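Fold and contact review
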Protein chains: 2
Amino acid sequence: MAAFRPRPEPAEVARVTATAGELLEVLWGRASTAPASASQMRVLLTLEHQDGINLRTLSAALASTPPSTSRLCDRLVAVGLVERVVGRADRREVRLHLSTRGRAFLDDLRARREQELQAVLTLMPADKRAALREGLEAFCDAAALQMHDSGVRSDDRTA
Amino acid sequence: MAAFRPRPEPAEVARVTATAGELLEVLWGRASTAPASASQMRVLLTLEHQDGINLRTLSAALASTPPSTSRLCDRLVAVGLVERVVGRADRREVRLHLSTRGRAFLDDLRARREQELQAVLTLMPADKRAALREGLEAFCDAAALQMHDSGVRSDDRTA
DNA sequence: TATTGTTATACTCTATAACTATA
DNA sequence: TATAGTTATAGAGTATAACAATA
């Protein structure tokens, strides 16, 4: 029964994936990111993976502008989630770091999001859960590939 | 080979689902919603499913406030995606409708998003795609249940 | 008076342009 | 002069509070 898998055409799967994506959006919308706004979240997540980058690099990563990013950082520094450090090699640069509180905040948010997910996943039969995992792992691999390939020239900042 | 499904524990699946969710976010971020902002998108999507609702109902559906929603609608009306109509039964009310252009805009966006998804899905082996579909359909069912249950008192509209 | 919607005002986020400081 | 970052100013989105119109 669990092995019955009708019509795996991309268009069909795209539809159910899109639906799942929208549900996930609603679900995660409940795991509030307060006291950080959505924009501030993007800064924190970027810094988590590229700690110590300068402001221009950060604003490029966000597809934003230096002034906007500077103001975002103002507030994140003010609430103690981010730290600014003047560059040692080039004193014009500002090195941005996640503070200890910033790190703890992200860990906490992730935990809350995964809890929201688990509340749903435990409602699923074990074999469906296993199918979901199998399918999503392949999806993640394919998505990472696709993003890497088409991401090469989607940077727009080509001068 | 395709039937090997290790450890379907919720925590494990939650992790891969969270990763897939973040990938989807990046993927869809490319299918730009311009000329509508994210907030305007929420208005359009809500109107699509509840055409003709009044402003207060809309603002409640968005978990926003009447003044903010009124301003959002100002701009959507200005660009021709939404229409305001005075209520026939109660002349205080404003009935909000998606315009023809508004509908076309949503159709187009959905098509672009599903194309982004299909580009990824076609990279997956057919059996993984089938597993993904099986798992996601169960996920959607469970998520709908979960949201309905815990949504009962998070709706604020208990009246 | 209670309800629907708008206007008044303020704060965040975003952007472009002008400015300061370093190289 | 070129580059890194900030400040100046403006527009969109959001909120609370005060208001207008209708019931």
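Everything here concerns the structure above.
The structure reproduced in this document is the subject of the present report. Owing to the predicted nature of the structure, the values given are computational and were not obtained by experimental measurement.

On to the relation of the copies chain B and chain A, then. Each of the two chain copies can be generated from the other by rotation about an axis followed by a shift along it. With an RMSD of 0.2 Å, the fit of chain B onto chain A corresponds to turning through 179° and sliding 0.0 Å along the axis. Here the copies are linked by what is in effect a two-fold axis. Most of the interface of chain B is mirrored in chain A, where 97% of its interface residues are also at the interface.

A word on the protein's contact with DNA strand C. Neighbouring DNA strand C are 24 residues, the closest being Ser37, Ser39 and Ser64 of chain A together with Ser70 and Val94 of chain B. The contact atoms of DNA strand C, taken as those within 4 Å of the protein, divide so that sugar and phosphate hold 68%. In this structure, Ser37 of chain A approaches DNA strand C through a side-chain N or O atom, which is 2.6 Å from a phosphate oxygen. One of the side-chain N or O atoms of Ser64 of chain A is found 2.7 Å from a phosphate oxygen in DNA strand C. If you list the elements that add at least two residues to the surface near DNA strand C, you get α2 (38–49) and α4 (66–78) of chain A together with α3 (55–61) and α4 (66–78) of chain B. The class makeup of the residues in the surface near DNA strand C is 7 nonpolar, 8 polar and 9 charged.

Take helix α5 (residues 100–121) of chain B next. Residue and element names in this part refer to chain B. Between its first and last C-alpha atoms α5 spans 31 Å; for 22 residues at 1.5 Å apiece the expected length is 32 Å, and the two agree. Of all the residues in α5, the buried ones are Gly102, Phe105, Leu106, Leu109, Glu114, Leu117, Val120 and Leu121. Buried residues of α5, viewed axially, fall in a sector of 160°; they line one side. Turned more than 90 degrees from where α5 packs its buried face, Thr100, Arg101 and Gln115 sit exposed.

Moving on, we get to the nonpolar core. One finds Leu117 and Phe139 of chain A together with Leu117 and Phe139 of chain B to be the most contacted residues of the largest nonpolar core, which totals 42 residues. Among the secondary structure elements, those contributing two or more residues to this core are α1 (10–30), α5 (100–121) and α6 (126–151) of chain A together with α1 (10–30), α5 and α6 (126–151) of chain B.

With that settled, the discussion passes to empty space enclosed by the protein. Applying the stated criterion to the full structure yields 2 cavities of 30 Å³ or more. Here the largest cavity is characterised by a volume of approximately 130 Å³. In terms of lining, the largest cavity is formed by 13 residues, of which the most central are Ala20, Leu24 and Leu136 of chain A together with Ala20 and Leu136 of chain B. Looking at the lining of the largest cavity residue by residue, the class counts come to 9 nonpolar, 4 polar and no charged. By volume, the second largest cavity is sized at about 50 Å³. Together, Met41, Leu45, Leu106, Leu109, Arg110 and Arg113 of chain A together with Glu22 of chain B line the second largest cavity. Of all the secondary structure elements, the ones that give two or more residues to the lining of the second largest cavity are α2 and α5 of chain A. Here the element with the most residues in the lining of the second largest cavity is α5 of chain A; it accounts for 4 residues. Residue classes in the lining of the second largest cavity are distributed as 4 nonpolar, no polar and 3 charged.

At the junction of the two partners, chain B supplies 58 residues and chain A supplies 57 residues. Taken over both partners, the interface formed by chain B and chain A buries close to 5,600 Å², and the fraction arising from carbon and sulfur atoms is 72%. Counting the contacts that link chain B with chain A gives 6 salt bridges. Across the pair Lys128 of chain A and Glu134 of chain B runs a salt bridge whose closest N-O atoms are separated by 3.6 Å. Summed over the shared surface of chain B and chain A, the number is 0 residue pairs in polar contact (both at pLDDT 80 or more). Those elements that provide at least two residues to the side of chain B that touches chain A are α1, α5 and α6 of chain B. Sorting elements by how many residues they give to the side of chain B that touches chain A places α6 of chain B first, with 22 residues. Classifying every residue of the side of chain B that touches chain A by side-chain character gives 34 nonpolar, 10 polar and 14 charged.

Summed over the entire model, instances satisfying the criterion amount to 22 salt bridges over all chains. Its salt-bridge partner being Arg15 of chain A, residue Glu114 of chain B comes within 4.0 Å of it at the nearest N-O pair. You can see Glu114 of chain B sitting in helix α5 and its partner Arg15 of chain A sitting in helix α1, one on each of two chains. In this structure, a network of salt bridges that share partners links the residues Glu12 of chain A together with Arg133 and Glu137 of chain B.

Parameters at a glance
Residues numbered from 1 in each chain as written. Chains lettered and ligands numbered in written order. Predicted model: local features only at pLDDT ≥ 70, side-chain atom pairs only at ≥ 80, totals over all residues. Heavy atoms only, no water. Least-squares fit on C-alpha atoms with pLDDT ≥ 70 in both. Contact = heavy atoms within 4.5 Å. Near = heavy atom within 4 Å. Polar contact = N/O pair within 3.5 Å; in protein donor to acceptor, adjacent residues only side chain to side chain. Helix = DSSP H or I, 4+ residues; strand = E, 2+ residues; numbered from the N terminus. Nonpolar A, V, L, I, M, F, W, Y, C, P; charged D, E, K, R; others polar. Expected span 1.5 Å × (residues − 1). Buried < 20%, exposed > 50% of the residue type's maximum accessible area, 1.4 Å probe, protein only. Arc of directions from axis to C-beta. Core = buried A, V, L, I, M, F, W, Y, C linked by side-chain atoms within 4.5 Å. 1 Å grid on protein atoms, 1.4 Å probe; cavity = no way out; pocket = protein on both sides within 12 Å on 5 of 7 lines; lining within 4 Å. Points joined across faces, edges and corners; volume = space filled by probe spheres on them. Buried area = accessible area lost by both parts, 1.4 Å probe. Salt bridge = Lys/Arg side-chain N within 4 Å of Asp/Glu carboxyl O.

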